[in-house]
Structure formats: structure tokens, C-alpha cells
Amino acid sequence: RPEFKMLYKNEIDRLKNAHGNYLLFVSSFGVITRSALEFQLSVCPKSEIATVRRSYEAFKDYVVLLKRLAEEYCGKLIIRPHTSESIDEWERIFAGFDNIYVVRDGDVTPWLLGSFGVLTYRSTVAIQAALNGIPVVQYKINDIDEIDGTVYKVSYCAESIEDVMRYLNVKN
């Protein structure tokens, strides 16, 4: 509720002072390396194999999206990896991009409230962002089985990088 945003005011102010106007990407792929994919496939139930594979393919699509955004947008992109994902791997992938920062500090709420928009993949953070009036985008998710879930209903579902940029009004 709007009256509770003041609980995070100091932290939001600190984040805005440190990062300015930023786009937040909240990751929830679970697997972001080929070795993690192979391990996950070896231990997950057969009923989850397609979902795990789809998550890894989506991860690769999002890497392309984030790199393109980083190249075409002069503002900051904050990547907040899921707790099951390696921060070091995310940093390795985006080494050399001066406007991408990988962080997992503290509660996600002030990061959401301080951002101008949220890009995510299957994360319930989309609901929290939408309830706070923050634009939320999911990218290339139309083939996901649970597409009618609330996470997708509160998100703008984009099919192209240009569509993501247009919706979030991301320009140089």
C-alpha cells in the first residue's frame, strides 16, 4: 500500500543516489550454465524436464536482450540474480558492460520501488512491482505452460527487444 512505501524511503533514496534512474532485471531461471542445466536434468523428475530446458533457453534469450539493452540504453541496468544463481557467473557474462551491475543486496522491495521498470522471467516479484505501479515486462514467454498465471497477467509480455524498449521507453 502506498502509505507503507515510507518504510523503505531511506533505502530507496540511497539506491537512487547510488544508481540514478535504473531498470531492474529480477532473474529466476535457476540454471544459467550448461553444467547446471545438465545437473538439474539429471536430478529433476521427468515431468519437470521441459520446464528446466525452457528456463535455460529463456536465460539465453534474456542474455541477448540484456546485452542489447546495455548497448542501446545509456542508463543503468541492475541484475538481481535468484538465490540459486551464481553472481560470479552473471558478472562474467556481463564483464565489459559499464552500465550493468549485478547485485543481490538486501530485500528486493527497495530495489523495485527505486526502479523505473522491472524486467523479469516467471518471478512473483512481477506481482509486487505491478501492485506498486511499476511497469513490468516478461520477454518471450508465450510458450510457457502456465502463461495464464497471475505473474503474466500483471506483466506486459513482449516478443521482441524493440517491444521491450518501446514499452519501457528505453532510449539513448
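Residues numbered from 1 in each chain as written. Predicted model: local features only at pLDDT ≥ 70, side-chain atom pairs only at ≥ 80, totals over all residues. Heavy atoms only, no water.

**Considerations on the pairing of strand 4 (residues 117-120)**
Right, on to step 1. By the alternation rule, side chains of strand 4 split into Gly117 and Leu119 and Val118 and Thr120, which are all buried.
Right, on to step 2. The sheet contact formed by strand 4 and strand 5 (residues 136-139) spans 3 bridges and is parallel. Residue pairing for strand 5: Val118 is matched across the bridge by Val136.
Right, on to step 3. Regarding topology, helix 6 (residues 125-131) serves as the crossover connection from strand 4 to the parallel strand 5, and that connection is right-handed. (Buried < 20%, exposed > 50% of the residue type's maximum accessible area, 1.4 Å probe, protein only. Helix = DSSP H or I, 4+ residues; strand = E, 2+ residues; numbered from the N terminus. Pairing = 2+ DSSP bridges. Right-handed = clockwise from strand over helix to strand, strands pointing away.)

**Focus on helix 1 (residues 9-19)**
An α-helical segment advances 3.6 residues per turn. Residues three or four places apart therefore align on the same side.
Right, on to step 1. Here helix 1 has its buried residues at Ile12, Leu15 and His19. Axial view of helix 1: buried residues confined to an arc of 65 degrees, hence all on one face. Exposed and oriented more than 90 degrees from the buried face of helix 1 are Asn10 and Asn17.
Right, on to step 2. Along its buried surface, helix 1 packs onto strand 1 (22-26), strand 2 (76-80) and helix 5 (108-114).
Right, on to step 3. Count one or two residues on from helix 1 and you reach Gly20, which has phi positive near 70 degrees. (Arc of directions from axis to C-beta. Contact = heavy atoms within 4.5 Å.)

**Digging into the packing of helix 2 (residues 34-43) against helix 3 (residues 49-72)**
Right, on to step 1. Orientation of helix 2 relative to helix 3, taken along the N-to-C sense of each, is 170 degrees, at an axis distance of 10 Å. Taken as axis vectors, helix 2 and helix 3 run roughly antiparallel relative to one another. Of the residues in helix 3, those touching helix 2 at Arg34, Leu37, Gln40 and Leu41 are Ile49, Val52, Arg53 and Tyr56.
Right, on to step 2. Tallied by class, residues from the contact of helix 2 with helix 3 come to 5 nonpolar, 1 polar and 2 charged. (Axes fitted to C-alpha atoms, helices over the stretch in contact; angles between N-to-C directions. Parallel < 35°, antiparallel > 145°, perpendicular 65-115°, else oblique. Nonpolar A, V, L, I, M, F, W, Y, C, P; charged D, E, K, R; others polar.)

**Considerations on unusual backbone geometry**
Right, on to step 1. Within the chain, Arg122 stands out as a residue other than glycine whose phi angle is a positive 55 degrees.
Right, on to step 2. As for its position among the elements, Arg122 is in the loop between strand 4 and helix 6.
Right, on to step 3. On the accessibility criterion, Arg122 (25% relative accessible area) is partly exposed.

**Description of the environment of Ala70**
Right, on to step 1. Its location among the elements puts Ala70 in helix 3.
Right, on to step 2. Between the C-alpha atom of Ala70 and that of Glu159, which follows or precedes it by 89 residues, the distance is 18 Å.
Right, on to step 3. Each residue touching Ala70, except ones within four places of it in the same chain, is listed here: Leu77, Phe97, Asn99 and Ile100.

**What about the packing of aromatic side chains?**
Right, on to step 1. Tallied over the entire structure, the rule returns 16 aromatic pairs.
Right, on to step 2. Measuring from ring centre to ring centre gives 5.4 Å for Phe29 and Tyr62, while their planes differ by 70 degrees; the resulting arrangement is edge-to-face. Here Phe29 is found in the loop between strand 1 and helix 2, whereas its partner Tyr62 is found in helix 3, with 33 residues between them in sequence. The two residues Phe29 and Tyr62 agree in class, both being buried.
Right, on to step 3. Measuring from centroid to centroid gives 6.0 Å for Phe94 and Phe97, while their planes differ by 65 degrees, and the two rings are edge-to-face. For the pair Phe94 and Phe97, one class covers both residues: buried.
Right, on to step 4. Members of the aromatic cluster, each reached through a chain of ring pairs, are Phe25, Phe29, Tyr56, Phe59, Tyr62, Trp90, Phe94, Phe97, Tyr121 and Tyr139.
Right, on to step 5. When the ring centre of Tyr101 is taken as reference, the NZ or CZ atom of Lys76 above it lies at 4.6 Å. (Phe/Tyr/Trp six-rings, centres within 6.5 Å; stacked < 30°, edge-to-face > 60°. Lys NZ or Arg CZ within 6 Å of the ring centre and 35° of its normal.)

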